[in-house]
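# Secondary and tertiary structure notes
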Amino acid sequence: MTPEIPPANAAVTFGSDGETLLGVLHLPAGPGPHPVVVLLHGFPGHERNFDLAQHLRRAGYAALVFHYRGSWGVGGSWAWATALEDAARVAAAVREPGFAAAHRLDPDRLALAGHSFGGFAALTTAAGDAGIHAVASVSAFDFGSVAAACREDAALRAAYVEGFGDDLLPLRGTSGAALVDEMVAAGDVWRLSALAPKLADRPVLLVGTAGRDTVTPAAEHHDPVVAAYTAHPVPRLEHRVFVTDHALSDHRLELAETVRDFLDRHVGCRMGR
């Protein structure tokens, strides 16, 4: 009889443009190969979704949390574009044969899930990588729509410069002004609604937040994206709104169960256990 393999945490690293990204891979029990969920945190990353990682691990998924360049002690400088590059690099790296075999992962069952900037990054990365099987976005920040608003309203632009600048302590190599300039320069390219054609063949979960969310209120950042994906259409779109704050502080368990249920139906962790 083969002994049962217990759950474990593995410290892992990934190379990205000469820098070393740091991560923790939460591995479930059993020989696998296990489906993989890469969890993408937001800006600057105070909420890193380790509770979701543990919940998914208990459900049979290998769940990875990592830090982008220029954040939380990782080398390099923070920028929106380089964080997107890091997300794409990690999504590819977990499917590399050596890494997948070493950690008992199923490279054919990869999902991304992200919160806030991480939700934006998850959708953007999935749109550019057909090998990502499903994507879940929570309280996604729609950079393209905010960029358009900032171009029209100097006071709003100044408010974002100040707001981004207030959150730089865990980051390095940037400023509030630089981050707003980068966002505005990207413009409509970073509109989440524009991703609908590239996500039409994938299961997509959009979770919005309303009521106490002053960062990505659903009426501005969630509802227009749902409308665009419904109209395109994205046939396997699922969506819901929680009345809570931006971090879903009082809905974390319900959020975890919502994400797990979505993944169970579209990635199917039980198939590999």
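Okay, so let's go over this structure.

This part covers the overall build of the chain. If you tally the helices and strands in the chain, you get 11 helices and 8 strands. Here the chain has a C-alpha radius of gyration of 18 Å; the compact-globule value for 273 residues is 19 Å, and the two agree. Scored against the burial criterion, the 273 residues of the chain give a buried share of 57%. Here the analysis covers contacts within the chain between residues at least 6 apart in sequence; of these, 72% occur between residues at least 24 apart. Split by element, the accessible area of the chain, about 11100 Å² in all, is 56% carbon and sulfur.

Turning next to the packing of aromatic side chains. Any pair of aromatic rings gets described here by the distance separating the centres and the angle formed by the planes. Using the criterion set out here, one finds 21 aromatic pairs in the structure. Taking the centre distance of 6.0 Å and the plane angle of 45 degrees together, the rings of Phe43 and Trp78 count as tilted. With Phe43 in the loop between strand S3 (34-40) and helix H1 (50-58) and Trp78 in the loop between strand S4 (62-66) and helix H2 (80-93), this residue pair connects regions lying 35 residues apart in the sequence. Across the pair, Trp78 and Phe43 agree in class, each one buried. Directly above the aromatic system of Trp72 lies the positively charged group of Arg48, at a separation of 4.1 Å from the ring centroid.

Our focus in this paragraph is the environment of Leu206. Secondary-structure assignment places Leu206 in strand S7 (residues 204-212). When the C-alpha atoms of Leu206 and Ala159 are compared, they prove to be 27 Å apart, with 47 residues separating the residues in sequence.

This part covers the nonpolar core. Counting 65 residues, the largest nonpolar core has Trp80, Phe117, Met183 and Tyr229 as its most contacted members. Aside from chain neighbours lying at most four places away, what touches Phe117 is His41, Gly42, Phe43, Tyr68, Trp78, Trp80, Ala83, Leu84, Phe141 and Phe143. One finds Leu39, Leu56, Ala59 and Tyr61 within the second-largest nonpolar core, a separate group that totals 24 residues.

This part covers the packing of H1 against helix H11 (residues 252-266). In the contact formed by H1 and H11, the axes pass within 10 Å of each other and the chain directions differ by 45 degrees. By the criterion of interaxial angle, the relationship of H1 to H11 is oblique. Considering the relative orientation of H1 and H11, their crossing is right-handed. Residue-level inspection shows Asp51, Leu52, His55 and Leu56 of H1 in contact with H11, the latter providing Arg252, Leu253, Leu255, Ala256, Glu257, Arg260 and Leu263. In terms of residue class, the contact of H1 with H11 is built from 6 nonpolar, 1 polar and 4 charged.

Per the stated rule, a full pass over the model turns up 17 salt bridges. Residue Asp17 pairs with Arg69 through a salt bridge whose shortest N-O separation is 3.2 Å. Here Asp17, found in the loop between strand S1 (8-16) and strand S2 (19-27), pairs with Arg69, found in the loop between S4 and H2; they are 52 residues apart in sequence, far enough to count as distant. According to the relative accessible area criterion, Asp17 is exposed, its value standing at 67%. Residues Arg252 and Glu47 are paired through a salt bridge, measuring 3.5 Å at the closest nitrogen-oxygen approach. Linking Arg252 in helix H11 with Glu47 in the loop between S3 and H1, this pair joins segments that are 205 residues apart in sequence. Taken together, the salt bridges that share partners define one network made up of Asp17, Arg69, Glu85 and Asp86.

Definitions and limits used
- Residues take numbers from 1 onward in each chain, read along the sequence in its written order.
- Only residues with pLDDT of at least 70 are given local features in this predicted model, and only at 80 or more are side-chain atom pairs given and counted; all residues enter the totals for whole chains, interfaces and linings.
- The side-chain quantities take in all heavy atoms of the structure and omit both hydrogens and water.
- In DSSP terms, a helix is any run of H or I states spanning at least four residues, a strand is any run of E spanning at least two, and both are numbered starting from the N terminus.
- With the radius of gyration taken over C-alpha atoms, the globule rule is written as 2.2 Å times the number of residues to the power 0.38.
- Relative accessibility decides the category of a residue: with a 1.4 Å probe and only protein chains considered, values under 20% of the type maximum give buried, values over 50% give exposed, and everything between is partly exposed.
- Residue contacts are defined here by distance: any two heavy atoms, one from each residue, within 4.5 Å place the two residues in contact.
- Calculation of accessible area relied on Shrake-Rupley with a 1.4 Å probe; when residues are assessed, cover is drawn exclusively from the protein chains displayed.
- Geometry of aromatic contacts follows a simple scheme: Phe, Tyr and Trp rings, the Trp one being its six-membered ring, pair when their centres are within 6.5 Å, and the pair is stacked under 30 degrees between planes, edge-to-face over 60, tilted otherwise.
- We call a charge positioned above a ring when the Lys NZ or Arg CZ atom is no farther than 6 Å from the ring centre and deviates by at most 35 degrees from the ring normal.
- Here the nonpolar core consists of buried residues drawn from Ala, Val, Leu, Ile, Met, Phe, Trp, Tyr and Cys, with membership extended through side-chain atoms lying within 4.5 Å.
- For helices, the fitted line uses only the C-alpha atoms of the stretch in contact; every axis is such a line through C-alpha atoms, and the angle between N-to-C directions lies from 0 to 180 degrees.
- Reported orientations rely on four angle classes, namely roughly parallel under 35 degrees, roughly antiparallel over 145, roughly perpendicular from 65 to 115, and oblique for the rest.
- By convention the crossing between two helices is left-handed if the near helix lies anticlockwise of the far one by an angle smaller than a right angle, and right-handed if it lies clockwise.
- Classification convention: Asp, Glu, Lys, Arg as charged; Ala, Val, Leu, Ile, Met, Phe, Trp, Tyr, Cys, Pro as nonpolar; all other residues, Gly among them, as polar.
- We define a salt bridge as a contact between a side-chain nitrogen of Lys or Arg and a carboxyl oxygen of Asp or Glu at a distance within 4 Å.

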